[in-house]
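# Summary of the model geometry
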Amino acid sequence: MAKVAVIAGDGIGPEVIHEGMRVLKALDEVHQLGLSFEEMDLGAERYLRDGTTLPPETMDRFRDEFDAIFLGALGDKRVPSNVHAKDILLGCRFQLDLYVNFRPVKLLDKRRCPLKYKGPRDIDMVVFRENTEGLYTGVGGQFKRDTPDEVAIEAELNTRKGVERIIRAAFEHAKQHGLPSVCMADKSNAMRHGHDLWQRTFHAVAEEFSGIEAFHLYVDVLAMEMVRAPERFDVIVTNNLFGDIVTDLGAQLQGGIGLAASGNIHPGAVSLFEPVHGSAPDIAGKGIANPLATHLSAGMMLSHLGHPELEKKIQGGVRKCLLNNQVTKELGGKLSTKAVTDALMVHLGVA
Ligand code: ATP
């Protein structure tokens, strides 16, 4: 039994979530998973209607009643401040303490990779991006704004607790999945306080996991190595800003933003799963959005809910869609959002 809150969101969000739900409900029926879903009235439409972004009582319900949140995308031109998206996404991230941003970089079809001579065996890693601290907390300020003497400070927040738990989560994942190495990336040669904390914490935690190779790269070197020799990496752990950037590099290595899935996770508690792409207003309503990132995110959610074999199954189905060119236009195919999902459901045996 598990209860999932569904936030379809804006732009292509409702289109891809609709398809994601078709697959989830079919898998639920066939495999008797005992899933229940509640569609939440949140997003730009709701905000424009009554000014609500994310009410505190909904947040309490997420925490107390649900096991997972399945989100499409947030962002709408009619809300230029994007306040609803910030309140919902950052609200969940911080108030539910979703400290792991989990981003697999897994190439499923060699032809989708922009790197010459690299294939699925080379590009198969996961990134653990710290999701609640770093440079994204808004700590800082502006002084003498709009004058020639203006000063703006954006402070990077690193706590021992925050750094330790994300590093530990990365090692735990490596251990659980039999992965041989964890790479920590920072910029400790230039950022001597916060990233020294990362260094010390990494070495201390690594000692608890003696069977796993622990190595360090400066983040600039990591960016080069992910392109030159992606086969070096199994698990990467890094801070919020660097993780934001290297996971987008990773998304391209695995075939583009339409194939990138993500989890915002608090291990053992309610967690949020969403495709990496945004609301893509340019293609919204046309029925051509690629739903595969959503299906992969649904797979990740099923794994979080105790069904890792179904995540593997979905990955296998998505791989078949890619190999058969059963894909949307941006990946060079001809199928609609719905037709791609129909094809996936055939591969999953739930059509
Ligand atoms: P937001 O501000 O919500 O992040 P955005 O348009 O700036 O929206 P994305 O939504 O990530 O950013 O889109 C970037 C580009 O990628 C757009 O041109 C969009 O059409 C394309 N794109 C994003 N997601 C998909 C998808 N699922 N299928 C096809 N194309 C997509």
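Note that the coordinates shown come from a computational prediction; the quantities given were computed from them, not determined experimentally.

Turning next to the domain arrangement of the chain. Domain boundaries in the chain define domain 1 (1–99 + 262–351) and domain 2 (114–253). Computed from C-alpha coordinates alone, the two centres of domain 1 and domain 2 are separated by 25 Å. In this assembly, seven residues from domain 1 lie in contact with eight residues from domain 2. Here domain 1 meets domain 2 over a buried area of about 740 Å², counting both sides, of which 50% is carbon and sulfur. The interface formed by domain 1 and domain 2 holds one salt bridge in total. Here Arg165 and Asp97 are joined by a salt bridge, their closest N and O atoms 2.7 Å apart. Between the two partners, domain 1 and domain 2, sit four residue pairs in polar contact (both at pLDDT 80 or more). For the side of domain 1 that touches domain 2, the class distribution of residues is four nonpolar, one polar and two charged.

Surrounding the ligand, one finds 13 residues, the nearest of these being Gly278, Ser279, Ala280, Asp282 and Asn290. A distance of 2.8 Å separates an oxygen atom of the ligand from a polar atom in the backbone of Ser279. Expressed as a share of its isolated accessible area of 600 Å², the protein-covered part of the ligand is 62%. Tallied by class, the residues present in the shell around the ligand amount to seven nonpolar, four polar and two charged.

Our next topic: the nonpolar core. Membership of the largest hydrophobic core comes to 61 residues, with the highest contact counts inside it found for Phe128, Ile167, Phe171, Val182 and Val237. For this core, the element with the most residues is helix H5 (residues 160–176), which contributes seven residues. If you count residues domain by domain, this core takes at least three from each of domain 1 (1–99 + 262–351) and domain 2 (114–253). Filtering out sequence-adjacent residues up to four positions away, Val182 remains in contact with Ala170, Phe171, Ala174, Phe202, Ile212, Glu213, Ala214, Phe215, Val235 and Val237. Among the nonpolar cores identified, the runner-up in size contains 19 residues, and Leu115, Ala185, Leu222 and Phe233 belong to it.

Think of two packed helices as two axes; the pair is described by the angle between the axes and how far apart they sit. One can describe the packing of helix H1 (residues 13–31) onto helix H11 (residues 337–348) by two numbers: an axis separation of 10 Å at closest approach and a directional angle of 20°. As summarised for this structure, H1 and H11 are arranged roughly parallel, according to the angle between their axes. Crossing of H1 against H11: the hand is right-handed. Here H1 contributes Glu15, Glu19, Arg22, Val23 and Ala26 to the contact with H11, which in turn contributes Thr337, Lys338, Thr341, Asp342, Leu344, Met345 and Leu348. Classifying every residue of the contact of H1 with H11 by side-chain character gives five nonpolar, two polar and five charged.

Scanning all chains against the criterion turns up five aromatic pairs. Ring geometry for Phe215 versus Phe233: centroids 6.1 Å apart, planes at 25°, classification stacked. Within this pair, whereas Phe215 is found in strand S9 (residues 213–218), its partner Phe233 is found in the loop between helix H7 (219–228) and strand S10 (235–238), the two being separated by 18 residues in sequence. We classify Phe215 as buried; its relative accessible area is 12%. Chaining the aromatic ring pairs together yields one cluster made of Phe171, Phe202 and Phe209. The ring of Phe66 is capped by Lys3, whose NZ or CZ atom sits 4.9 Å from the centre of that ring.

Next up on the list: the packing of H7 against helix H8 (residues 240–253). For the pair H7 and H8, interaxial distance at closest approach is 11 Å and the crossing angle is 5°. As far as their axial angle goes, H8 and H7 are roughly parallel. Where H7 approaches H8, its residues Val219, Leu222, Ala223, Met226 and Val227 are matched on the opposing element by Phe242, Val246, Leu249, Gly250 and Leu253. Taken together, the residues that form the contact of H7 with H8 break down as nine nonpolar, one polar and no charged.

Working definition: the strands of a sheet are paired by backbone hydrogen bonds and lie parallel or antiparallel to each other. Strand order in the open sheet formed by ten strands is S2-S1-S3-S12-S11-S4-S5-S10-S8-S9, and the pairing between neighbours is mixed. The two strands at the open ends of the sheet, each matched to only one other strand, are strand S2 (35–39) and S9. Each strand of the sheet is rotated relative to its neighbour by a mean of 20°, with strand direction disregarded. Two elements, strand S4 (residues 100–106) and strand S5 (residues 124–130), share seven bridges in a ladder whose sense is antiparallel. Bridge pairing links Asn101 to Arg129 in S5. Across the face of the sheet, helix H4 (residues 83–95) comes into contact with strand S1 (2–9), strand S3 (68–73), S5, strand S11 (261–265) and strand S12 (271–275) while running at roughly 140° to S12.

The next thing to look at is the pattern of salt bridges. Across all of its chains, the model carries 27 salt bridges by this definition. For the salt bridge of Arg49 with Asp41, the shortest nitrogen-to-oxygen distance reads 2.4 Å. When its relative accessible area of 40% is taken as the criterion, Asp41 is described as partly exposed. Asp244 is the partner of Arg129 in a salt bridge, and the nearest nitrogen-oxygen pair spans 3.7 Å. One end of the pair, Arg129, is in strand S5; the other, Asp244, is in helix H8, and 115 residues separate them in sequence. Overall, the relative accessible area of 5% leaves Arg129 in the buried class. Judged by its relative accessible area of 25%, Asp244 falls in the partly exposed class. Linked by salt bridges that have partners in common, Lys3, Glu38, Arg61 and Glu65 make up one network.

What counts, and at which threshold
Residues numbered from 1 in each chain as written. Predicted model: local features only at pLDDT ≥ 70, side-chain atom pairs only at ≥ 80, totals over all residues. Heavy atoms only, no water. Domains from an automatic or database assignment. Contact = heavy atoms within 4.5 Å. Buried area = accessible area lost by both parts, 1.4 Å probe. Salt bridge = Lys/Arg side-chain N within 4 Å of Asp/Glu carboxyl O. Polar contact = N/O pair within 3.5 Å; in protein donor to acceptor, adjacent residues only side chain to side chain. Nonpolar A, V, L, I, M, F, W, Y, C, P; charged D, E, K, R; others polar. Near = heavy atom within 4 Å. Areas by Shrake-Rupley, 256 points an atom, 1.4 Å probe, with all protein chains shown as cover. Core = buried A, V, L, I, M, F, W, Y, C linked by side-chain atoms within 4.5 Å. Buried < 20%, exposed > 50% of the residue type's maximum accessible area, 1.4 Å probe, protein only. Helix = DSSP H or I, 4+ residues; strand = E, 2+ residues; numbered from the N terminus. Axes fitted to C-alpha atoms, helices over the stretch in contact; angles between N-to-C directions. Parallel < 35°, antiparallel > 145°, perpendicular 65-115°, else oblique. Left-handed = near helix turned anticlockwise from the far one by under 90°. Phe/Tyr/Trp six-rings, centres within 6.5 Å; stacked < 30°, edge-to-face > 60°. Lys NZ or Arg CZ within 6 Å of the ring centre and 35° of its normal. Pairing = 2+ DSSP bridges.

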